[in-house]
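# Descriptive analysis of the structure
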Amino acid sequence: MSIKLVCVPVIELAWARSGNKGDSDSIGSASRGEKFLPYLYEALNFSLIRKTFKHFKGGNIFKYFLPRINRIDIVLKDILGVVETLSLQNDPQGKGYAQLLLSKHVK
């Protein structure tokens, strides 16, 4: 028996919210079902996260697995390059970062 993999948008597997504290942003992603959580953790890998946010200044990425509450938290440190009130980047408060990640397709 072969398994056919399909490409789906992350929003089919999870919901997410994002926000910022200073120059760091966090994205809290919750699995739509306990069975999706391990897959979601692997699918939201550092490569996908870097690619999604490549238009920003950069910084470090941290990812936390929180299985008891079906969540994955992603922290983007120093993403804007400066404190948000001094940044010329669009959406300096990071409210739309979750939507960027949810729109990505994973296999």
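Residues numbered from 1 in each chain as written. Predicted model: local features only at pLDDT ≥ 70, side-chain atom pairs only at ≥ 80, totals over all residues. Heavy atoms only, no water.

Next up on the list: the sheet that holds strand β2 (residues 14-21). Sheet architecture is open: four strands sit in the order β2-β3-β5-β4, paired in antiparallel fashion. Every interior strand has two partners, whereas the edge strands, β2 and β4 (61-66), have only one. Each neighbouring strand pair of the sheet contributes to a mean axis angle of 15°, computed without reference to strand direction. Where β4 lies against strand β5 (residues 71-76), six bridges are found, and the strand directions are antiparallel. (Pairing = 2+ DSSP bridges. Helix = DSSP H or I, 4+ residues; strand = E, 2+ residues; numbered from the N terminus. Axes fitted to C-alpha atoms, helices over the stretch in contact; angles between N-to-C directions.)

Okay, the nonpolar core next. In this structure, Ile27, Leu40, Leu44, Phe53, Ile74, Leu76 and Tyr97 are the most contacted members of the largest nonpolar core, which totals 23 residues. Where this core is concerned, the elements lending two or more residues are β2, α1 (37-43), α2 (46-52), β5 and α3 (97-102). Looking at which element gives the most residues to this core, the answer is α3, with four residues. (Core = buried A, V, L, I, M, F, W, Y, C linked by side-chain atoms within 4.5 Å. Buried < 20%, exposed > 50% of the residue type's maximum accessible area, 1.4 Å probe, protein only.)

On to the pairing of strand β3 (residues 24-31). The two faces of a sheet get side chains in turn, since along a regular strand they alternate between them. With respect to burial, β3 is a largely interior element, seven of its eight residues being buried. Sheet topology note: the β2/β3 ladder contains eight bridges and is antiparallel. Considered in β3, the bridge of Ala14 is made with Ser31. Hairpin connection, β2 to β3: the antiparallel pair is bridged by two residues, and Gly22 has positive phi, about 65°. One ladder, built from six bridges, connects β3 with β5; its direction is antiparallel. The residue of β5 that forms the bridge with Gly28 is Asp73.

According to the stated counting rule, one finds two aromatic pairs in the structure shown. Between Phe53 and Tyr97 the ring centres are 5.5 Å apart and the planes differ by 55°, which places this aromatic pair in the tilted class. Placement of the pair is Phe53 in the loop between α2 and β4 and Tyr97 in helix α3, with a sequence separation of 44 residues. Just as Phe53 is buried, Tyr97 falls in that class too. (Phe/Tyr/Trp six-rings, centres within 6.5 Å; stacked < 30°, edge-to-face > 60°.)

This brings us to unusual backbone geometry. Within the chain, Asn70 stands out as a residue other than glycine whose phi angle is a positive 55°. Relative to the elements of secondary structure, Asn70 occurs in the loop between β4 and β5.

This brings us to the environment of Pro38. Relative to the helices and strands, Pro38 resides in helix α1. In this structure, the C-alpha to C-alpha distance between Pro38 and Phe65, residues 27 residues apart in sequence, is 8.9 Å.

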